Amino acid sequence: EDGETFQANALIKARAVFNVLNDPNAIVIADDSGISIDVLNGAPGIYSARYAGEKATDKDNLEKVIQEVIKQGYKESRAFYTAAIAIVSQEGEKTVHGWMHGKVIIERHGDNGFGYDPIFKPKGSDLSFAEMSKIEKNKISHRALAVNELVRLMQGDVGRAENFLYFGPVKFAERDAKGNRIYVARGLKQIIDDAVRAAEAGARPDDQCVLEIRPVH
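Residues numbered from 1 in each chain as written. Predicted model: local features only at pLDDT ≥ 70, side-chain atom pairs only at ≥ 80, totals over all residues. Heavy atoms only, no water.

1. Structural notes on the overall build of the protein
A count of helices and strands for the protein gives five helices and five strands. For the protein, the succession of helices and strands along the chain, N to C, is α-β-α-β-β-β-α-α-β-α. When burial is assessed residue by residue, the protein has 49% of its 217 residues classed as buried. The contacts in the protein between residues at least 6 apart in sequence include a share of 65% that link residues at least 24 apart. For the protein, the computed accessible surface area is about 11,200 Å², with 47% contributed by carbon and sulfur atoms. (Helix = DSSP H or I, 4+ residues; strand = E, 2+ residues; numbered from the N terminus. Buried < 20%, exposed > 50% of the residue type's maximum accessible area, 1.4 Å probe, protein only. Contact = heavy atoms within 4.5 Å. Areas by Shrake-Rupley, 256 points an atom, 1.4 Å probe, with all protein chains shown as cover.)

So this is what it looks like as structure tokens:
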């Protein structure tokens, strides 16, 4: 991934898989996401997963963000998460985004979640993302919001979408009414999981369709 934006990196992943598959009926979905912090001039941004180095752990990345914010002389800063999802098929390329605004703090709170969740507080909440339940998180998650946009886009603009996509409180399974194959890059699994939990938390399911998930190696 050498793109300069979340959108570009999502498209790079989706194009790569689409080209390898050599399947005219393939619709490939891939994502990229991360956090941007105001006092760090938007960092870590697209480097969120490797902010402290290529082999950095979540703990390493979290600690680096805290130290960098402290170096700027702040105890907190406005920040936002971005999730970009790309769709590539023989019909063309589409992208959607979801954002979640809030702030980062320099003290860790909570044990749930992963990544920067212990230091991120969504706008209007006194809890960090790591202090929220999965249901609470997925009502406001940038990933769930991006998936909502994905659903609207695919139902409206990708002609066959109504036959394979269902966003609701069910497991995703195969439905191949028109012979279509949907391939989902590994990173999107978290988005799909978030979408299901969001639906279970009260998001409106859309009609009677199912997304077929197939592992991509």
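2. Observations concerning the environment of Gly102
Structurally, Gly102 can be placed in strand β3 (residues 92-105). In sequence terms Gly102 and Phe80 are 22 residues apart; their C-alpha atoms lie 5.8 Å from each other.

3. Section: the pattern of salt bridges
With the rule as written, the count across this model stands at eight salt bridges. Among the salt bridges present, the one from Asp38 reaches Arg78, with a minimum N-O distance of 3.2 Å. Remark: Arg78 occurs in strand β2 (residues 76-89) and Asp38 occurs in the loop between β1 (26-37) and α2 (58-71); sequence separation between them is 40 residues. Classification of Arg78 by relative accessible area gives exposed; the value is 63%. Residue Arg108 pairs with Glu63 through a salt bridge whose shortest N-O separation is 2.3 Å. Of this pair, Arg108 sits in the loop between β3 and β4 (120-122) while Glu63 is found in helix α2, placing the two residues 45 residues apart along the sequence. Looking at Glu63, the relative accessible area reads 30%, which means it is partly exposed. (Salt bridge = Lys/Arg side-chain N within 4 Å of Asp/Glu carboxyl O.)

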